[in-house]
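One letter stands for each residue in the lines below.
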Amino acid sequence: MSGPSSPLRLAVTGREGQVVRALLDAAPAAGVTVIPLGRPDLDLENPASVAAAIAAARPDAVVNAAAYTAVDQAEKEPERAFAINAAGAGAVAAAAAGLGVPVLQISTDYVFDGTKPAPYVEDDPVGPTGVYGASKLAGEQAVAAATPNHAVLRTAWVYAPYGKNFVRTMLALGATRDELRVVADQQGCPTYAPDIAAAVIAVARNLVTRPDEADLRGVFHMAGSAETDWASFAEAIFALSAARGGRAPAVVRIGTADYPTPARRPANSRLECGRLARLHGVGLPPWQASLATCLDRLLVET
Ligand SMILES: NC(=O)c1ccc[n+]([C@@H]2O[C@H](COP(=O)([O-])OP(=O)(O)OC[C@H]3O[C@@H](n4cnc5c(N)ncnc54)[C@H](OP(=O)(O)O)[C@@H]3O)[C@@H](O)[C@H]2O)c1
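Residues numbered from 1 in each chain as written. Predicted model: local features only at pLDDT ≥ 70, side-chain atom pairs only at ≥ 80, totals over all residues. Heavy atoms only, no water.

We apply this condition: UniProt positions are given in the numbering used here, feature names are shortened, and annotations may be inferred rather than shown by experiment.
Where an unreviewed UniProt entry is consulted, the protein chain appears under the name dTDP-4-dehydrorhamnose reductase, with the organism given as Pseudoxanthobacter soli DSM 19599. Within the UniProt record for the protein chain, the comment given under Function (unreviewed entry) is "Catalyzes the reduction of dTDP-6-deoxy-L-lyxo-4-hexulose to yield dTDP-L-rhamnose." The UniProt entry for the protein chain carries the following text under Catalytic activity (unreviewed entry): "dTDP-beta-L-rhamnose + NADP(+) = dTDP-4-dehydro-beta-L-rhamnose + NADPH + H(+)".

Here is the structure:
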């Protein structure tokens, strides 16, 4: 573990995930050391691999940012999704507890069924509509059962200049098509992975430096601080792309019924993030500002 003047050491699960990469990028300026732990050394499908890998990192806190994130594929592979997202998360939390350090579990808006006509708060009833959401909810419960020294951070609609996400998919499709059909009746809060990284680091610091404060533990919503729908998000992506010399295909607004997927998506994924602001002093920027930063990195700085 780090001494009083050495940087905070964060062990993070996964290697190439959007949140892991954002944490690695943020680490030097934030004065933290991020130790990514991934396969084959740490495999969430093999709980026996977890404790030794985490102990070897000598962390001050552990961030479980790895997950089985293929939402539609999970419908065909429920055992695998649960092994990684539920049992694996529990193993990470147990390892953190064994070392006496806090664990930050990244979770999802998909724990809700999406029928609430307003943004979700942490205490709203859960009701996942698919295997992925159910497995992530089981992960939240496994973490809570393993240790009280945890923060479950539910985020949503994650995007970054790297990895697999809606922004990169839209830009790739828009490079060759003049028109794109995008769902307009699902609402949510797009969240920029570098904003997640900054928030995770701030929460980790709070948990490490204030070990006796129960209010800092539990479930928190941690998403970009403005809402939209997928079609409007796509329109914003292409407006910013056009302003940077990129292509701007027309966006045709369609309904969920016109775009069937194996896993049903919640119609309302909006997360109310006041608890994180009140108790941790952490708020994420509105997605519009972060999207512009993301497109600068994708289209201007290359
Ligand atoms: N993406 C979203 O829109 C979204 C929305 C809400 C919540 N979340 C949650 O946010 C967190 C981060 O998501 P993300 O978008 O950064 O994910 P991502 O880009 O899909 O990356 C998934 C990560 O999980 C790792 N992983 C998968 N199976 C593993 C296993 N068996 N053992 C060890 N590592 C494994 C991958 O490893 P490799 O590095 O080896 O590929 C990768 O680092 C996840 O908990 C996810 O559920 C995501």
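1. Here's the deal with helix 9 (residues 287-300)
Keep this limit in mind: In DSSP terms, a helix is any run of H or I states spanning at least four residues, a strand is any run of E spanning at least two, and both are numbered starting from the N terminus. The length a helix should cover is 1.5 Å for every residue beyond the first. For every residue, the accessible area (1.4 Å probe, protein chains only) is compared with the maximum for its type, and the residue is labelled buried under 20%, exposed over 50%, or partly exposed between those bounds. Note on contacts: a residue pair qualifies if any of its non-hydrogen atoms lie within 4.5 Å across the two residues.
Taking 1.5 Å per residue, 14 residues should reach 20 Å; helix 9 reaches 19 Å between its end C-alpha atoms and fits that length. Those residues of helix 9 that sit buried are W287, S290, L291, A292, C294, L295 and L298. Against the buried residues of helix 9 lie strand 6 (158-159), helix 5 (166-174), strand 9 (191-192), helix 6 (193-209), strand 11 (228-229) and helix 7 (230-243).

2. Quick notes on the environment of R181
Checked against the element boundaries, R181 lands in strand 7 (residues 179-183). Owing to a relative accessible area of 52%, R181 belongs among the exposed residues under this scheme. Through-space distance from the C-alpha of R181 to that of V252 is 4.6 Å; in sequence the pair is 71 residues apart. Setting aside residues up to four positions removed in sequence, R181 forms contacts with V252, I254 and D258.

3. Some words on the nonpolar core
For clarity, the cut-off: Among buried residues, those of type Ala, Val, Leu, Ile, Met, Phe, Trp, Tyr and Cys that are joined through side-chain atoms within 4.5 Å constitute a nonpolar core.
Core analysis: the largest hydrophobic core is formed by 34 residues, its most contacted members being L23, V63, L104, L153 and V200. Put simply, the parts of the chain that give this core at least two residues each are strand 1 (8-13), helix 1 (18-30), strand 2 (32-37), strand 3 (61-64), strand 4 (103-108), strand 5 (150-155) and helix 6. Residue contributions to this core peak at nine residues, all from helix 6. Those residues in contact with L104, other than ones at most four positions away along the chain, are A61, V62, V63, N64, A151, L153, V200, V203, A204 and L207. By size, the runner-up hydrophobic cluster in this structure holds 32 residues, among which are Y120, L180, C294 and L295.

4. Re the sheet that holds strand 3
Defined as follows: A pair of strands is labelled paired if DSSP reports no fewer than 2 bridges between them. Axes, fitted as lines to C-alpha atoms, cover a helix only where it is in contact. Angles between the N-to-C directions of the axes lie from 0 to 180 degrees.
Ordered by their spatial adjacency, six strands build an open sheet running 2-1-3-4-5-10, and the pairing between neighbours is parallel. Edge positions in the open sheet fall to strand 2 and strand 10 (218-221), since each of these has one partner strand only. Across this sheet, the average inter-strand angle for adjacent strands is 25°, counted without regard to direction. By the bridge criterion, four bridges tie strand 5 to strand 10 in an arrangement that is parallel.

5. A closer look at the pairing of strand 1
Just so we agree on the cut-off: Think of it like this: strands point away, you trace from the first strand over the helix to the second, and a clockwise trace means the crossover is right-handed.
The element strand 1 is extensively covered by neighbouring structure, given that six of its six residues are classed as buried. Of the two faces of strand 1, the one carrying L8, L10 and V12 and the one carrying R9, A11 and T13 are both buried. Where strand 1 and strand 2 come together, six bridges link them in parallel fashion. The residue bridging L10 from the neighbouring strand is V34, located in strand 2. Once the chain exits strand 1 it traverses helix 1 before rejoining the sheet at strand 2, and the crossover so formed is right-handed. Sheet analysis places strand 1 next to strand 3, joined by three bridges and oriented parallel. For L10, the partnering residue across the bridge sits in strand 3 and is A61.

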